[in-house]
Amino acid sequence: MGSPSYPLTLDLTGRRAVVVGGGPVAARRAAALVESGALVEVIAPFVCEDLAALVATGRLVRRERDYVAGDLLEPTAAWLVHTATGDSRVDAQVAREAEAARIWCVRADDAGASTAWTPAVARGSVGTASEGLTVAVSAGGDPRRASAVRDAVLAALESGTLPVRRVRPSTSAGADGAPAGGAGGVGRVALVGGGPGAEDLITVRGRALLAAADVVVTDRLGPRGLLRTLGSDVEVVDVGKTPGNHPVSQERINELLVHHARLGRRVVRLKGGDPFVLGRGGEEAMHCLAHGVPVEVVPGVTSAVSVPAAAGIPVTHRGVAASFVVASAHEGADHVLAAAADAAPDATLVLLMGVTRLAETAAALVAAGRPSDTPVALVERGWTPEQRTTTTTLAAAAADAEAAGVRAPAVVVVGQVVALREHLGDLSGSSVTA
Ligand SMILES: C[S@@+](CC[C@H](N)C(=O)[O-])C[C@H]1O[C@@H](n2cnc3c(N)ncnc32)[C@H](O)[C@@H]1O
């Protein structure tokens, strides 16, 4: 493609397009033309397997013979021709006749002698932020280069890092909270597990849904840094709770989700860790479903496993612990004891929300028979630049936590696996250790 080109998108629906040739290149071209809705005619004495399969679907017409002069004009003039016969004389003849009849011609054998070129194409996937998007890449007649760039674009589309969100007309609720029109029916809610805090520990699906959201209802924990990547028209509702401070009740959060979805919006409920691990995600999902709002869940990397890992503490380790128990310490020591009661003696105990009642919990575990020298780790703000780990024992946990000024959010790990940290050290790659 030596001369300057003029990129254009064609509507070939119901229009005649001719493919001359029966090999794999012709098969690919014919398949793409069929998908575009063109009336496709293949002229070839022989066809490869792929093309034969396409012919068998009845979605195109095949002339089982060589190309003959006038084929581009009979029975009606074609709008476009692809020639890929493998015989340059035939391709040149097709190109000449196309030129004379003012029909755009793509030549597989000689891009420089073509009057049209097919770009490498990436299309957004249905149901994602990129739905309805077509990206065409042209690289001056170098199809491999174009394909490589197309693949990179595809990867970026899937990762949700491109600003591909379709901007919908804004809507406002009527007095009764019903859709005010323009949004096209009820929206949906995605409960997205954001992981423990690092921006790149959210799943690819969660990231893509976030990029497509009209409204994001976010927690205090999780990858809040991603919020600044959202467009200025995305409504961010911060319902983050700090310990002892509950600015937005669970009922209100449930109502918010339903309210925005009913306005036809794509709502992402961005949560720390995994939505269904001590995250009340189940309640939110039930509330949405009970109000006729479609809901989906995207699992997240839970802090229960990932925060100990960041501190070099595997929750299980061959020969040390073959199971682990995750419990909330928020409800009090009895609850923790009940959760640990049926666990194996070597099971690791992972406590979330365990800072406030640490003294009470540690004392209860010792009273219930756990050795007072059982290793304990308090891992604060895992996967953030402020990550800090304090190691201690059940007997000394409360005093050491106070002396170190340990604050929520922190994961408390109780068990022999804590000692592995001496060998592994911090593994998060971005931590600060006390
Ligand atoms: C309400 S629970 C939510 C847990 C979340 N659904 C999950 O799967 O990780 C909040 C608790 O998770 C723990 N947590 C969450 N993210 C943390 C982080 N980055 N570092 C330390 N602890 C964290 C703390 O124990 C915090 O009090």
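Sequence order as written defines residue numbering, which begins from 1 separately in each chain. Two thresholds apply to this predicted model, a pLDDT of at least 70 for residue-level local features and 80 or more for giving and counting side-chain atom pairs, whereas whole-chain, interface and lining totals are computed over all residues. Side-chain numbers here rest on the full set of heavy atoms in the structure, without hydrogens or water.

Below, the discussion takes up unusual backbone geometry. Residue E74 is joined to P75 through a cis peptide bond whose omega torsion reads -5°. The secondary structure listing takes helices from DSSP runs of H or I that are at least 4 residues long and strands from runs of E that are at least 2 residues long, numbered from the N terminus. Inspection of the secondary structure puts P75 in the loop between strand 3 (61-63) and strand 4 (80-83). We note that R280 has phi near 65°; this positive angle belongs to a residue other than glycine. Its place among the elements puts R280 in the loop between strand 11 (266-271) and helix 7 (281-290). Relative accessibility thresholds used throughout: buried, under 20% of the residue-type maximum; exposed, over 50%; partly exposed, between the two (1.4 Å probe, protein chains only). On the accessibility criterion, R280 (41% relative accessible area) is partly exposed. Residue M353 is not a glycine yet carries a positive backbone phi of 50°. Secondary-structure assignment places M353 in the loop between strand 14 (348-352) and helix 10 (358-367).

To continue, consider the environment of H259. As for its placement among the helices and strands, H259 is situated in helix 6 (residues 250-262). Separated by 145 residues in the primary sequence, H259 and S114 have C-alpha atoms spaced 55 Å apart.

Right, let's get into the sheet that holds strand 17 (residues 410-414). Adjacent strands of a sheet form backbone hydrogen bonds with each other and so pair up, either parallel or antiparallel. Whether two strands pair depends on DSSP finding at least two bridges between them. Strand order in the open sheet made by the 5 strands is 13-14-17-15-16, with mixed pairing throughout. Two strands lie at the open edges of the sheet, namely strand 13 (324-328) and strand 16 (388-393), each paired on one side alone. Taking each pair of neighbouring strands and ignoring which way they run, the sheet shows an average axis angle of 20°. Where strand 13 lies against strand 14, 5 bridges are found, and the strand directions are parallel. The convention used is that axes are lines fitted to C-alpha atoms, helices contributing only their stretch in contact, and that angles between N-to-C directions extend from 0 to 180 degrees.

Only Phe, Tyr and Trp rings take part, Trp by its six-membered ring, and two of them pair if their centres are within 6.5 Å. Stacked means planes under 30 degrees apart, edge-to-face means over 60, and tilted covers everything else. In this structure the tally under the stated criterion is 0 aromatic pairs. If you follow R15 out to its NZ or CZ, it ends over the ring of W79, 4.7 Å from the centre. Consider the ring centre and the ring normal. A charge sits over the ring if Lys NZ or Arg CZ is within 6 Å of that centre and within 35 degrees of that normal.

Here the focus is the sheet that holds strand 11. Spatially, 5 strands are ordered 10-9-11-8-12 in an open sheet, and the strand pairing comes out parallel. Since the sheet does not close on itself, it has two edges, and those belong to strand 10 (235-238) and strand 12 (295-298), each with one partner. Between one strand and the next, the sheet's axes are offset by a mean angle of 20°, whatever the strand orientation. Bridging between strand 8 (residues 188-193) and strand 12 involves 4 bridges; their strand directions are parallel. When the bridges of strand 12 are listed, V192 appears paired with V298. The criterion used for residue contact is that any of the two residues' heavy atoms lie within 4.5 Å. Sitting on the sheet, helix 7 touches strand 8, strand 11 and strand 12, and the angle it makes with strand 8 is about 170°.

Here we take up the site of the ligand. We define proximity as follows: a residue is near a molecule or strand when any one of its heavy atoms falls within 4 Å of that partner. Neighbouring residues of the ligand: 18 residues in total, closest P196, V277, T302, S303 and A410. Residues adjacent in sequence count toward polar contacts only when both atoms are side-chain atoms; beyond that, a polar contact is any pair of N or O atoms within 3.5 Å, and within protein one must be able to donate a hydrogen and the other to accept it. Between the ligand and the protein, one listed contact pairs a nitrogen atom with a backbone N or O atom of P196 at 2.7 Å. Note that an oxygen atom of the ligand is positioned 2.6 Å from one of the side-chain N or O atoms of S303. Looking at the shell around the ligand, the elements that each hand over two or more residues are helix 8 (303-310) and strand 17. Basically, the charged four are Asp, Glu, Lys and Arg, the nonpolar ten are Ala, Val, Leu, Ile, Met, Phe, Trp, Tyr, Cys and Pro, and anything else, Gly included, counts as polar. Of the residues assigned to the shell around the ligand, the class counts are 11 nonpolar, 5 polar and 2 charged. Formed jointly, the shell around the ligand draws a minimum of three residues from each of two domains, domain 3 (188-301) and domain 4 (304-424). Domain ranges listed in this record stem from an automatic or a database domain assignment.

Let us look at the side chain of E284. Take E284: it is sitting in helix 7. Residue class for E284 comes out buried when judged on its relative accessible area of 0%. Beyond its immediate stretch of four places on either side in the chain, E284 contacts L191, Q250, I253, N254, L257, R269 and K271.

With respect to the helices and strands, the residue L80 is situated in strand 4. What makes L80 buried here is its relative accessible area of 7%. Considered as a pair, L80 and P375 are 295 residues apart in the sequence and their alpha carbons are 74 Å apart.

What follows deals with the domain arrangement of the protein chain. Domain boundaries assigned for the protein chain yield domain 1 (1-118), domain 2 (119-164), domain 3 (188-301) and domain 4 (304-424). Once you take the C-alpha centre of each, domain 2 and domain 4 turn out to be 46 Å apart.

We define a salt bridge as a side-chain nitrogen of Lys or Arg found within 4 Å of a carboxyl oxygen belonging to Asp or Glu. Under the counting rule described, the total for this entry stands at 21 salt bridges. Its salt-bridge partner being D214, residue R266 comes within 3.0 Å of it at the nearest N-O pair. With R266 in strand 11 and D214 in the loop between helix 5 (204-212) and strand 9 (215-218), this pair connects stretches of sequence that are 52 residues apart. Each member of the pair, R266 together with D214, is buried. Two residues, R421 and D426, come together in a salt bridge whose shortest N-O distance is 2.8 Å. R421 gets classed as buried once you look at its relative accessible area, which sits at 13%. A network of salt bridges, in which partner residues are shared, links D219, R269, K271 and E284.

Attention now goes to the packing of helix 6 against helix 7. In the contact formed by helix 6 and helix 7, the axes pass within 9 Å of each other and the chain directions differ by 45°. Judged by the inter-axis angle, helix 6 sits oblique to helix 7. Classified by chirality, the crossing of helix 7 by helix 6 is right-handed. Between helix 6, through Q250, I253, N254, E255, L257 and V258, and helix 7, the contact on the second element is made entirely by E283, E284, H287 and C288. Reported orientations rely on four angle classes, namely roughly parallel under 35 degrees, roughly antiparallel over 145, roughly perpendicular from 65 to 115, and oblique for the rest. Left-handed describes a crossing whose near helix is turned anticlockwise from the far helix through less than a right angle; right-handed describes the clockwise counterpart.

Looking now at helix 10. Turning to helix 10, its buried residues number three or more, namely L358, T361, A362, A364 and L365. Angularly, the buried residues of helix 10 cover 160° about the axis, an arc narrow enough to put them on a single face. Throughout, the arc means that of the directions going from the helix axis to the C-beta atoms.

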